[in-house]
Amino acid sequence: MMRLAALVIFINIVSLSEAQHEPGYCVFYDECGRNPLLNNTLIDPIVPCLNYTRAKLVTGDHYKILKQVCPMFDQGESSTYACCTIKQLGSLEKSLTLSKAVLVRCPSCAYNFAHLHCINTCSPNQSQTVKVTRVMNVTEQNRTREAVLGYQAFIGKTFADTSFQSCKNVRIPATIGGYAIATMCGRYGSKLCTPQRWYDFQGDSSNGLAPLDIDFKIIQEGDTTGLPEGVIPYNGVALMCNETTPTGGDVCSCQDCQESCPSVLPPSPVAGPFTLLGTNGYLVISIILLILLILSFVLYLSVSWWVASQKNKKKGIHRGKEVTCAETNSLAAQAYLSSQFRIWGTIMASYPLTVLLLSLIVVAVLSVGLKDIKLTTDPVELWSAPNSRARQEKEFHDTYFDPFYRTNQVILTAPGRKSHIYDSLLFGPQNFSGIMSKELIIELLELQTRIQFWSDDLNRTASLKDVCFAPLNPNNPSLTDCAVNSLPQYFQNTFIKKNCNQHHITDLGMSCMADYGAPVFPFLAVGGYEDDAFSSAEAFILTFSLNNYARSDPKFKVAMQWEKEFLKIVQEYQKDPKNSFTFAYMAERSLEDEINRTTAEDIPIFMISYAVIFVYIAVALGEHSSWKRLLVDSKFLVGLGGILVVACSVLASMGFYSWIGIPSSLVILQVVPFLVLAVGADNIFIFVLEYQRDVRRPHETREEQIGRVLGNVAPSMLLCSLSESVCFFLGALSTMPAVKSFALYAALAVLMDFALQMTAFVALLSLDARRQDNNRCELLCCIKVSKQRPKKPNKGFLMPFMKKYYAPVLLHRYTRIIVYFEVGVPVYFVTKKGFNFTSVEGMNAVCSSVGCDQFSLTQKIQYATNYPERSYVAIPANSWVDDFIDWLNPQSKCCRLYTNGPNVGHFCPANESGLICAKRCLARPDNDTVRPTVAQFNRYLPDFLTNRPDLQCSKGGLGAYDKAVVRDESGEIIASRFMAYHTPLTNSQEFTAALKMARELADKITQGMRLVPGTSPDFEVFPYTITYVFYEQYLTIVNEGLFNISLCLLPTFVVCCLLLGLDLRSGLLNLLTIVMIVVDTVGVMTLWSIDYNAVALINLVTAVGISVEFVSHMTRSFALSTKPTRVERAIEATAKMGSAVFAGVAMTNLPGIIVLAFAKAQLIQIFFFRLNLVITLLGMAHGLIFLPVVLSYFGPGVNKAVLLQFQQEKEKDREKAETNSHTRQVYDNISYEGNEIKQDPYSNTVDESGSKTVGKTDRL
């Protein structure tokens, strides 16, 4: 037996050595049967017979088939020779068909690819380019012949390189920017592929396509080293990708061939930063403006000093003829408001219990609406207006294409594990990180397996397969159909695979596809690497993709429950001390969960904040004249009442809007109480402190005193509350839902707070004053103290401090001057109804393969990817139109029709035998440019969209495109989408710029497609990705902010002017200070890394409201003062009203704000602690420092009408004092009351309306 084998080998060697390499001869001819060494191949591995013979003349059908498969040999029917039979041509065509399915987009590439294999198989000079290296006896149909199992093919370098260059840029649209060469270069992929590696893969019989081993030898021209005698490397003409083929094929498109690209002007360079004199231009302009402002101010001081020195001061009583109409109007307005509020306050104080009861009923009725309250937690509903472009585009996309799928991800690292170097024979030394170990990969597989099957523990029949994204089996998925991406998916989630199917094409007998049939992209399986060094990755990534559903869909709850269980399992695994990973994980619901969690955890922080504010108010409102009267003079119940008034106003506002169906949000629950508390506390302090500083007049009841005090301060309270409320009502014109709802809730809450202060709080103060007058302890009303209340008014600590120290120092002539100048996600391009995809012009305006327009939809996206730093588009779009055309191409076997059996005439998938599916859907065109007719387009599109891709036909649309095309009942395409990828986006600026550039690109595409005949004039293409609805606000937020803040500023000016009797100067200074507070707040936001977004805008609108409290009270107090100079009036306003504002606004807000610094939620820390702290400090600085100074320079002159009234009343008081003095002298002769000093209620007091009375203190 051994002798027989040796004899066979000897004969083979002799026969191979006797073969001559000469023109006109073949080395193999005809087919001998299957290669006995190969199994599980994609096509039958039919091998040729060893046959050293002359090339055969081909005629008839043989000639026609040769001309179709290998047209480069055509010399005419009577002159064409070849070394292949009709059977060989059939096998060659079948083999080429699989490769042409991905190469046919570029006719010259497909031609060159076929050219090479035709030379090896059919060349009449085959013996000159081929050397057989291995033969074996093969028995087929009881006939044994020598079959060729391996040979060397010699090709010239020019031919090899040109062929490779023509194919290296051909794309596969469905893979989103992937290259066809990547599937034809084995382990090297597209980036490391070279001509030699490309040919080596084609000649490797383990690839499932090559029926035998071919050793390609690329020979440099002129180099004969090592060439067998007589061998001439084939160096025929290979076509470049921008050349037409001899068969009439058009040039390849720009997307597949850079040489075919038209000359496109690069985008204009990005404008550099604005500079002047080599530095920041805005800084230079600011410095110039500052210098001009200083010079103007110095000039103003000089002129003012000169005018004052030349003008004689007029003294004495102002006469009525000197009073202007505006001053008279101002006095009339103040007198009317004071009188009305005095009457109102007296009535409220007279019937306190009735007022409290009625107030409680009104609040209760409005608060009942809270039973219907709806909290908006969906970020889309909060920050994106329903009529905004991004929102409408999202609704259009979600209506036709389903919502974006839900992502659940685990990122695992193994810190501390050392990397190691592996010396690869193919790639050289490769660094493998510590995480790339067999143990950790197995552990990851165990984790993944555990997560896949946890849904069996749910208390319902739902499982992962019920909600998972299953692109290749969406209707009835199994667990293995679910899109789960991870490193073990390279091994189909196991390292031992039995019963391997024919598509397992690696040397390990395993597929490169995931279990669910799609490729596993490295960037979805590992992370923490640079460039393409995947082996050095520092992290494993495990991603579960779930279908998304509308919130009203029952499956939405199933998906949410699945994610809840997912998080539970991962957290349990993370706590296991045996695991070797460090975890980071998230679910689609994580953001919403985190917001709810941190909000719930931070509720105690808010409660502590409000408690601190309450304690401060209760302590600060007390008079504290002595320890014995501590419990009598405290204002614990008044402070509590003030807090309850704020709470009731917020509840009433929320209840009312709940009645009418306007939803609330967590932002409203957190911001509105803070705002109303700031406003309410200020008014409470102004009212209570004014009452404490006042002395009851003779024959005046307690209720009348409260009414008179309310008449003094209520106009100021009305000024602020009305300004803020109108401000917020106008702010409701905002297009942002969160801002709009906040403005509505805040406006009504401020109004309700003012109304309750004018009613319930006045009544509460009346009850408390009655208690205090009776010397009863607070909380322990039955206990009375013997220590009597002092007769003199209580000025507290702040007012004397402000009057004696702060105001004089601040308004010193030098201090005034100093103060005045201290200063990769996927992106879809979605088409709407109105474009005719079925016409040739329509297809050409969209596609990017051969014959397509150079500026088609997909081609414009391709051009954008050439400048990713400007366009933010990294990968070209996939295109169902391109793949549909390729799928129809008769050179592939994707679209065929049954010719036998019960389904004759119907679509036949590529995995069916050619014996029963012998007919192509389309005939082969003359110029290789395939375009279906309208009827063919409509007939075969559904088949394409439901055809599962496989290695027989990779162009099937199921998974990639089945949800990318939406047709109506008539078959018209009413929506479609083309998916590209953005560059990695890391911050709001990049997300916003990406949205802006994508819209610009989509607008250009729209304009181009509208030029196609038959296109509707309202046809539109728009970009969409899930983040656009959140970042669209940044495109308009500057204008939105200016609009909203301007609307808020307008009523502050108008109301101030009106309530001060058309005092324009006071209104302008009031407005200027508020604008400065807002502008400075924005400046500090930049310095303190507080992003400007919708939440910040809400706080800026709030800043306007709080600024009104800091500013308007002071402005009104200054305008109504009767002191002779501006400096004196500024001192009086600062001492009297500044102390109340400081105690009521600044000191009320600051303790509560500081507590928020301990909140866990970043949202609260940044936008509530930082921003509110900035607003309060800046408001205090401008209201108590800048405003008094600017009023001392530019404030309105003394109101002569008020001054005249004051002087007239002073004269009356003098006369009355003389009368009283005479009366007391008579009285002294009758009785003696002792040496008691009494404070005359008319001695040197200035009420808030500006009227001043003069009296004197006598010793009786």
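To be clear, the structure that these remarks concern was listed above.
Residues numbered from 1 in each chain as written. Predicted model: local features only at pLDDT ≥ 70, side-chain atom pairs only at ≥ 80, totals over all residues. Heavy atoms only, no water.

1. Remarks on the nonpolar core
Here comes step 1: By size, the foremost hydrophobic cluster in this structure holds 124 residues, and its most contacted members are Val672, Phe687, Phe728 and Phe742.
Here comes step 2: In terms of residues, this core owes the most to one element, helix 22 (residues 737–773), which gives 20 residues.
Here comes step 3: Once residues lying within four places of it in the same chain are set aside, the contact partners of Val672 are Val650, Val667, Phe742, Tyr745, Ala746 and Ala749.
Here comes step 4: Listed in part, the 62 residues of the second largest apolar core include Cys70, Cys106, Phe113 and Ile214. (Core = buried A, V, L, I, M, F, W, Y, C linked by side-chain atoms within 4.5 Å. Buried < 20%, exposed > 50% of the residue type's maximum accessible area, 1.4 Å probe, protein only. Helix = DSSP H or I, 4+ residues; strand = E, 2+ residues; numbered from the N terminus. Contact = heavy atoms within 4.5 Å.)

2. A short note on helix 4 (residues 107–122)
Here comes step 1: With 16 residues, helix 4 should reach 22 Å at 1.5 Å per residue; the first-to-last C-alpha distance of 21 Å fits that figure.
Here comes step 2: Among the 16 residues of helix 4, 16 are classified as buried, and the element is accordingly described as predominantly covered. (Expected span 1.5 Å × (residues − 1).)

3. Here's the deal with the packing of helix 20 (residues 666–693) against helix 34 (residues 1094–1119)
Here comes step 1: Two elements in contact, helix 20 and helix 34, have axes separated by 11 Å at closest approach and are oriented at 0 degrees. As judged from the angle between their axes, helix 20 and helix 34 are roughly parallel. Taking contact as the criterion, the partners of Val667, Val671, Phe674, Leu675, Ala678, Val679, Asp682, Asn683 and Ile686 in helix 20 are, on helix 34, Ile1098, Thr1102, Ile1106, Glu1109 and His1113.
Here comes step 2: Of the residues that constitute the contact of helix 20 with helix 34, the class distribution is 9 nonpolar, 3 polar and 2 charged. (Axes fitted to C-alpha atoms, helices over the stretch in contact; angles between N-to-C directions. Parallel < 35°, antiparallel > 145°, perpendicular 65-115°, else oblique. Nonpolar A, V, L, I, M, F, W, Y, C, P; charged D, E, K, R; others polar.)

4. Regarding the pattern of salt bridges
Here comes step 1: Tallied over the full model, the rule gives 20 salt bridges.
Here comes step 2: Residues Asp768 and Arg771 are paired through a salt bridge, measuring 2.9 Å at the closest nitrogen-oxygen approach. One end of the pair is Asp768 and the other is Arg771, both in helix 22 and 3 residues apart, which spans about a single turn. For the pair formed by Asp768 and Arg771, the shared burial category is buried.
Here comes step 3: Salt bridges sharing common partners tie together Arg105, Asp256 and Asp882. (Salt bridge = Lys/Arg side-chain N within 4 Å of Asp/Glu carboxyl O.)

5. Digging into the pairing of strand 19 (residues 826–831)
Here comes step 1: A large share of strand 19 lies buried, amounting to 6 of its 6 residues.
Here comes step 2: The sheet contact formed by strand 19 and strand 25 (residues 973–982) spans 6 bridges and is antiparallel. The residue of strand 25 that forms the bridge with Val827 is Ala980.
Here comes step 3: In this structure, strand 19 lies alongside strand 26 (residues 1021–1024), joined through 4 bridges in antiparallel fashion. Bridged to Val830 within strand 26 is Phe1022. (Pairing = 2+ DSSP bridges.)

6. Focus: the packing of helix 10 (residues 352–367) against helix 19 (residues 636–659)
Here comes step 1: Orientation of helix 10 relative to helix 19, taken along the N-to-C sense of each, is 40 degrees, at an axis distance of 7 Å. Between helix 10 and helix 19, the crossing angle belongs to the class labelled oblique. Contacts between helix 10 and helix 19 involve Val363, Val365, Leu366 and Ser367 from the former and Cys648, Leu651, Ala652, Gly655, Phe656 and Trp659 from the latter.
Here comes step 2: Partitioned by chemical class, the residues of the contact of helix 10 with helix 19 number 8 nonpolar, 2 polar and no charged.

7. Brief notes about the sheet that holds strand 23 (residues 919–920)
Here comes step 1: Taken together, 3 strands build an open sheet; the order of strands is 22-21-23 and the sheet is antiparallel. Either end of the sheet is taken by a strand with one partner, and the two such strands are strand 22 (907–908) and strand 23.
Here comes step 2: In this structure, strand 21 (residues 896–897) lies alongside strand 22, joined through 2 bridges in antiparallel fashion. Considered in strand 22, the bridge of Arg896 is made with Cys908.

8. Digging into the side chain of Arg999
Here comes step 1: The topology assignment puts Arg999 in helix 30 (residues 988–1009).
Here comes step 2: When neighbours within four sequence positions are excluded, Arg999 is seen to be in contact with Arg389, Ala390, Glu393, Pro1023, Glu1032 and Leu1035.

9. With respect to the side chain of Thr41
Here comes step 1: Structurally, the position occupied by Thr41 is in the loop between strand 1 (25–34) and strand 2 (46–54).
Here comes step 2: Residue classification places Thr41 among the buried positions, given a relative accessible area of 12%.

10. Details of a nonpolar patch on the surface
Here comes step 1: A cluster of nonpolar side chains, Phe274, Leu276, Leu277, Tyr282, Leu283, Ile285, Ile287, Ile288, Leu289, Ile291, Leu292 and Leu295, forms an exposed patch at the surface whose accessible area comes to about 1,200 Å².
Here comes step 2: Here the nonpolar patch takes 9 residues from helix 8 (residues 281–310), the largest share from any one element.
Here comes step 3: Since its relative accessible area comes to 84%, Leu277 is described here as exposed. (Patch = residues over 30% accessible without salt bridge, like charges linked within 9 Å, V, L, I, M, F, W, Y side chains within 5 Å. Areas by Shrake-Rupley, 256 points an atom, 1.4 Å probe, with all protein chains shown as cover.)

11. Thoughts on the packing of aromatic side chains
Here comes step 1: Taken as a whole and judged by the stated rule, the model has 33 aromatic pairs.
Here comes step 2: Ring centres of Phe396 and Tyr400 lie 4.7 Å apart, and the angle between their planes is 55 degrees; this geometry places the pair in the tilted category. Of this pair, Phe396 and Tyr400 both sit in helix 12 (residues 389–401), separated by 4 residues, roughly a single helical turn.
Here comes step 3: Classification of Phe396 by relative accessible area gives buried; the value is 16%.
Here comes step 4: Here a set of aromatic residues connected by ring pairs shows up, and it is made of Phe835, Phe837, Trp880, Phe884, Trp887, Phe907, Phe937, Phe944, Tyr961, Phe978 and Phe1019.
Here comes step 5: Residue placement shows Lys56 over the ring face of Tyr29; its charged tip is 5.9 Å from the ring centre.
Here comes step 6: Sitting over the ring of Phe396, Lys832 keeps its end group 5.4 Å from the ring centre. (Phe/Tyr/Trp six-rings, centres within 6.5 Å; stacked < 30°, edge-to-face > 60°. Lys NZ or Arg CZ within 6 Å of the ring centre and 35° of its normal.)

Just distances and angles here, no functional claims.
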